[in-house]
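Now for the letters of each chain:
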Amino acid sequence: MKALTILCVGDIFGEPGRRALVAFLPRLRSELQIDLVVANVENAAAGFGVTPQLARGFLEAGVDVMTSGNHIWDRKEILGYIVKENLLLRPANYPSGTPGVGSVVVKAGAHQVGVLNLQGRTFMASIDCPFAKADEELERLRTETSVIVVDMHAEATSEKQAMGWYLDGRVSAVVGTHSHVQTADERILPGRTAYITDLGLTGPVDSVIGVEKDLAIQRFLTGMPNRFEPAKGRAAVQGVVIRIDPETGGAVGIERLRRDLPG
Ligand SMILES: [Fe+2]
């Protein structure tokens, strides 16, 4: 059995994140024999949302499926794009009638891979229940493929871990996004679901979760709103490489990844 290899890329933040991704993706694809690339793009446009032009650029650069989260609606022009391009997901548990889709099934070589995007509710907007929505989506996705990757976009570590356990044995991987700091807890759960609490940041290294550090410090010092901008300088790609048995959908490996671009 040749494992199916999926690269999950942590939240791409602003121009530094885009630059790092484009620099490393072709090399990573061949070096690690990647079959499919899933990337969270909700912070790609200067930290706030993603534009149609940037989304098209990611697909051209070799991203296969784009996931998102709470920042997906920041750029109004994305509304016209997301209703036509199902390779850009928004969290599935937004109320019914929300533009776009929360899951997709794509081809990776000879295999089909399902990608499901969910969003947490702890310290975040109170949208529909991500656990109940996962049940509903999986009922449908599992009729098409047993290889399923879930991006759980959430603030709370506990909610992401709970989702990992809730879906253990039913999906190939649950990867967390949104907090922009890579966690060191990657593992394969007993039901052969690969798990990590957060993929990390694809963006500026010398920053406060992507933002120019002086701007972030000012906001904490004064409590006053100010304009956040992406930090400049050194950038890195972060994420995980997951290997999956395509017959069963069970994960056989998960490794953290980080590649630094000099500033
Ligand atoms: Fe987010």
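Residues numbered from 1 in each chain as written. Predicted model: local features only at pLDDT ≥ 70, side-chain atom pairs only at ≥ 80, totals over all residues. Heavy atoms only, no water.

**Q** Can you help me understand the packing of aromatic side chains in this one?
**A** Any pair of aromatic rings gets described here by the distance separating the centres and the angle formed by the planes. Per the stated rule, a full pass over the model turns up two aromatic pairs. Aromatic side chains W73 and Y94 sit 5.7 Å apart centroid to centroid with 90 degrees between the ring planes, which places their arrangement in the edge-to-face category. Note that W73 is positioned in the loop between β4 (65–67) and α3 (78–82) and Y94 in the loop between α3 and β5 (103–108), a separation of 21 residues in sequence. Relative to Y166, the ring of F131 lies with its centre 5.4 Å away and its plane at 75 degrees, an arrangement referred to as edge-to-face. Within this pair, whereas F131 is found in helix α4 (residues 130–141), its partner Y166 is found in helix α5 (residues 157–167), the two being separated by 35 residues in sequence. When its relative accessible area of 35% is taken as the criterion, Y166 is described as partly exposed. Over the ring of Y166 we find R170, and its NZ or CZ is 4.8 Å from the ring centre. Across from the ring centre of F228, 3.7 Å away, lies the NZ or CZ of R219, which sits over that ring. (Phe/Tyr/Trp six-rings, centres within 6.5 Å; stacked < 30°, edge-to-face > 60°. Helix = DSSP H or I, 4+ residues; strand = E, 2+ residues; numbered from the N terminus. Buried < 20%, exposed > 50% of the residue type's maximum accessible area, 1.4 Å probe, protein only. Lys NZ or Arg CZ within 6 Å of the ring centre and 35° of its normal.)

**Q** Help me out: how do you make sense of the layout of surface pockets in this one?
**A** Vacant regions in the atomic arrangement are exposed by a probe of water-molecule size rolled over the atoms. Put simply, the largest pocket is a space of about 350 Å³. Surrounding the largest pocket, 18 residues form its lining, H71, H180, I209, V211 and F228 being those nearest its centre. Tallied by class, the residues present in the lining of the largest pocket amount to eight nonpolar, seven polar and three charged. Space inside the second largest pocket adds up to approximately 160 Å³. Taken together, H180, V181, Q182, L201, G203, P204, V205, S207, I209, A236, Q238 and R258 make up the full set of residues lining the second largest pocket. Those elements that place two or more of their residues in the lining of the second largest pocket are β11 (201–204) and β12 (235–244). It is β11 that contributes the most residues to the lining of the second largest pocket, three residues altogether. (1 Å grid on protein atoms, 1.4 Å probe; cavity = no way out; pocket = protein on both sides within 12 Å on 5 of 7 lines; lining within 4 Å. Points joined across faces, edges and corners; volume = space filled by probe spheres on them. Nonpolar A, V, L, I, M, F, W, Y, C, P; charged D, E, K, R; others polar.)

**Q** Teacher, can you tell me more about the coordination of the iron ion here?
**A** Ideal geometry at a metal centre gives angles of 109.5 degrees when four donors are arranged tetrahedrally and 90 or 180 degrees when six donors are arranged octahedrally. Bound to the iron ion are the protein donor atoms E42 (OE), N70 (OD1), H153 (NE2) and H178 (ND1), situated 2.0 to 2.3 Å from the metal. With four donor atoms in place around the iron ion and angles of 84 to 161 degrees between them, the coordination shape is irregular. Counting gaps between the donor residues of the iron ion yields the pattern E-x27-N-x82-H-x24-H. In this pair, N70 sits in the loop between β4 and α3 while H153 sits in strand β7 (residues 148–153), placing the two residues 83 residues apart along the sequence. Assessed through its relative accessible area of 0%, H153 is described here as buried. (Donors = N, O, S within 2.8 Å, 3.2 Å for Na, K, Ca; no water. Tetrahedral: all angles 85-135°; square planar, octahedral: opposite > 155°, others 65-115°.)

**Q** What am I meant to see in the pairing of β7 here?
**A** In the case of a regular strand, side chains alternate between the two sheet surfaces. For β7, a buried count of six out of six residues is recorded, marking the element as mostly surrounded by other parts of the structure. The alternating pattern of β7 places I148, V150 and M152 and V149, D151 and H153 on opposite faces, both of which are buried. Where strand β6 (residues 111–119) meets β7, six bridges bridge the pair, whose relative direction is parallel. Paired with N117 across the bridge in β7 is D151. Remark: the β6/α4/β7 crossover connection has right-handed handedness. Note: β7 against strand β8 (residues 173–177), five bridges, orientation parallel. (Pairing = 2+ DSSP bridges. Right-handed = clockwise from strand over helix to strand, strands pointing away.)

**Q** Explanation requested: the sheet that holds β5 in the structure shown.
**A** Pairing between the strands of a sheet comes from backbone hydrogen bonds, and it takes one of two forms, parallel or antiparallel. Spatially, the six strands line up as an open sheet ordered β5-β6-β7-β8-β10-β9, and their pairing is mixed. The open sheet terminates on both sides in strands that have one partner only, identified here as β5 and β9 (187–188). Alignment of β5 against β6, held across six bridges, turns out to be antiparallel. The residue of β6 that forms the bridge with K107 is Q112. Helix-sheet contacts for α4 involve β5, β6 and β7, and the interaxial angle to β6 is about 165 degrees. Contacts from α5 reach β6, β7, β8, β9 and β10 (194–196) within the one sheet, and its direction differs from that of β8 by about 170 degrees. (Contact = heavy atoms within 4.5 Å. Axes fitted to C-alpha atoms, helices over the stretch in contact; angles between N-to-C directions.)

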